[in-house]
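Listed here are the chains, written in short residue letters.
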Amino acid sequence: MDKHRRKFLKIAGASVVAGIGAPAIIKLTATPALASGQGVAAAGHEAAPAAEHGGQGGHGEEAPQGVRLGMVIDLRKFNERPELLDAAIATCIAVHNIPEFPNSKDEVKWIWKAPFSGVFPEHSSQHSAKKITGNPAVSLCNHCDEPPCVRACPTQATFRNSANGIVAMDYHRCIGCRFCMAACPYGSRSFNWYDPRPYIKKYNKDFPSRMKGVVEKCNFCSERLALGQEPACVEACQGTGAITFGDLNDPNSGVRRLLDKEFSIQRKPSIGSKPSVFYIV
Amino acid sequence: MIEKTLKGKPAYWIWLAFLGMFMAVGAACYIRQYNVGLGLTGMSRDVSWGLYISQFTFLVGVAAGGVMLVLPYYVHNYKEFGRITILGEFLAIAAIIMCLLFIMADLGQPMRALNVVLHPSPNSMLFYDAIVLNGYLFLNILCGWVILTAEKKQVKPPKWIYFFVYLSIPFAVSIHTVTAMLYCGLPGRHFWLSAIIAPRFLASAFAAGPALILIACLVLKRVANFDAGRKAMNKLITIIIYAALLNMFFVGLEFFVAYYSNMPGHIEALQYMFFGMEHHGVMYNNLVPFMWAFVVLAFGAIALLVTPAARKNDLVLGIACLMLFVAFWLDKGVGFVLAGFVPNPLGEIVEYIPTMNEIGITLGVWATGFMVVTLLYKIAIGVEHEVEG
Ligand code: SF4
Ligand code: SF4
Ligand code: SF4
């Protein structure tokens, strides 16, 4: 537990070294009040071009700059213990006031189970092993390094936070045009077709609920990161190694050490959106 | 000139009342949707755009189609179009108004629409679309009004207006190109990710827009004693035929690329549209009848239009144009947008069926467009009659 906590403070620390002051971290990772503030969007944007396009040349790998938070999901662990995945999903729903609509047409989903062939169409084989076809994979926002949803948004209501790579949302700016939903190649975004509040099972007063007519998705638990906590789904799987979270640009981070060691895949790599969520299968 | 809308035969008032009825129903449906949410539509997490955006896409084409009159008249000095250019410009105004209404109807938070201007995002195609659409609307209002006023006073239009007339030509092309770019720049949607979308949009626009103008000419000939002239109409028919053939050619190319390459991503949407798609033992084929109706109507209309005997008969000509207009509406105003969402990014199929409330709003917006075009045409023709004495 303590070790985990220290790891997270280190992420925060890295941001400070990268020249982003401590107050900025709180702002960028959005407490409920700030999540909607204009300042957040502005802060995320102005610094973006410099951080994103520095050091890119030829066909070589880009020199990583700043913090890029990412996740490694070990599907093998979930195959062994399916209840773990259920717990992770349930935690996210509870923490983020995600409404549960009876009608699938109105669904709001941040993290959910889906068949492997749906999540990884480019990695599916004609004759897959039983452990692949017989178990669900998990889908959530990839917090893409080059997010098509951000490119499409006409109001910057969805934006890439250049300080930590999180693709965040400003629910108070979103006009509900759903261009980002058409643009996301992973189906990670949901729209509030109705007022979600009556469909929230148990209200968590520490996190804002949304209004009808706006889009939402996984936020990598920005609000928890701001408090030095791990994302809720990561915490739900603690000690199992099913989900590891950390800075993809730090060669010594847990995620990087895992990725250096194991064979991993990203969803639809041909799209070029550079997902920050990696999977070990 | 506005006073011209206040006088008319009973048929005129009945027509306006008829449209007004649909507008009222549409408004009531919209108030419901505004209060309850877009959940009242058939749209879903997977098919996140429906009738509103597909009508918008089609109507941008109708608006752009007006340029097929402006360009021959002003650039090539084709005098025969002198009487009907104004019809093209006024139709463009009505079509853009419908486009803007459809966008507003589709927004989840319409009160925040101005955020597009307050937080300009040059990376978003919707930002440019807002600019060119409003620009084109403004240009058509300006040019239409100034030129009509000059005609009424029986003087030459002021020289400066020609700058705006010429400017409106690239604008017409741009509105449909940028609208195509809303779709063809999205990396995960194979059906839309095709460089031929913009040319195809333009081709179908340059057929559907003039077809509607031709229908208007035929109607006005009967009800308003307005003759566009046989020569002008024949020229329009030629334009319509070529543009329609081009659109069909482009559709054929899409088929070739998909089925010859045999790449699933390219095939899927076409398969779903024209033949239906099976998924987990269930057949999904909602769009199939619409798409075949498109093909049959389009080729039927082209066949009629190229037959000299058929196009001499006003009734047959009108039916042929209507067939073509409906065909391209099915193609772009129904199939193109909806099929792009099938299958969804996770390979599942969710079908979309519009609700009554949604259809009510859609008809309301169309009625508003017809109302605008009726009033504008009333003014234009009133002026022409006045001048001719
Ligand atoms: S997964 Fe979709 S929503 Fe998430 S960042 Fe990538 S494009 Fe945007
Ligand atoms: S729905 Fe909201 S977040 Fe998505 S593109 Fe439109 S304004 Fe941006
Ligand atoms: S990171 Fe947070 S928001 Fe995203 S799926 Fe996990 S718990 Fe939900």
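Heads up: the structure comes first, above all this text.
Quick caveat, the model's predicted, so the values are computed rather than measured.

For the rest of this paragraph, the subject is the site of ligand 1. The immediate surroundings of ligand 1 are formed by 14 residues, with Cys141, Asn142, Cys144, Cys149 and Cys184 of chain A found nearest. When the residues that make up the shell around ligand 1 are grouped by side-chain class, the tally is 9 nonpolar, 3 polar and 2 charged.

On to unusual backbone geometry, then. Backbone torsion omega between Val342 of chain B and Pro343 of chain B reads -10°, so that peptide bond is classified as cis. Turning to its location among the elements, Pro343 of chain B is positioned in the loop between helix H13 (314-339) and helix H14 (356-388). If you check the backbone angles, Arg178 of chain A has positive phi at about 65° while not being a glycine. Tracing the backbone through its elements, the reader meets Arg178 of chain A in the loop between strand S5 (167-169) and helix H11 (179-183).

Inspection of the entire model under this criterion finds 0 disulfides over all chains. Free of any disulfide, Cys184 of chain B has its nearest neighbouring cysteine sulfur in Cys177 of chain A, separated by 17 Å.

Residue and element names in this part refer to chain A. Judged by pairing direction, the sheet is mixed, and its 3 strands sit side by side in the order S8-S1-S9 without closing on themselves. Across the chains shown, the open sheet's two edge strands, defined by having one partner strand only, are strand S8 (243-247) and strand S9 (277-280). Adjacent strand axes in the sheet meet at a mean angle of 20°, parallel and antiparallel pairs treated alike. By the bridge criterion, 5 bridges tie strand S1 (residues 69-74) to S8 in an arrangement that is antiparallel. The residue bridging Ile73 from the neighbouring strand is Ile243, located in S8. Contacts from helix H14 (residues 254-261) reach S1, S8 and S9, with the element oriented near 115° to S8.

This brings us to the site of ligand 3. Near ligand 3 there are 13 residues, and of these Cys92, His96, Cys218, Cys221 and Cys233 of chain A occur at the shortest range. Grouping the constituent residues of the shell around ligand 3 by class yields 11 nonpolar, 2 polar and no charged.

Thresholds, definitions, all that
Residues numbered from 1 in each chain as written. Chains lettered and ligands numbered in written order. Predicted model: local features only at pLDDT ≥ 70, side-chain atom pairs only at ≥ 80, totals over all residues. Heavy atoms only, no water. Near = heavy atom within 4 Å. Nonpolar A, V, L, I, M, F, W, Y, C, P; charged D, E, K, R; others polar. Helix = DSSP H or I, 4+ residues; strand = E, 2+ residues; numbered from the N terminus. Disulfide = S-S within 2.5 Å. Pairing = 2+ DSSP bridges. Axes fitted to C-alpha atoms, helices over the stretch in contact; angles between N-to-C directions. Contact = heavy atoms within 4.5 Å.

No statement about biological role is implied by the geometric values presented.
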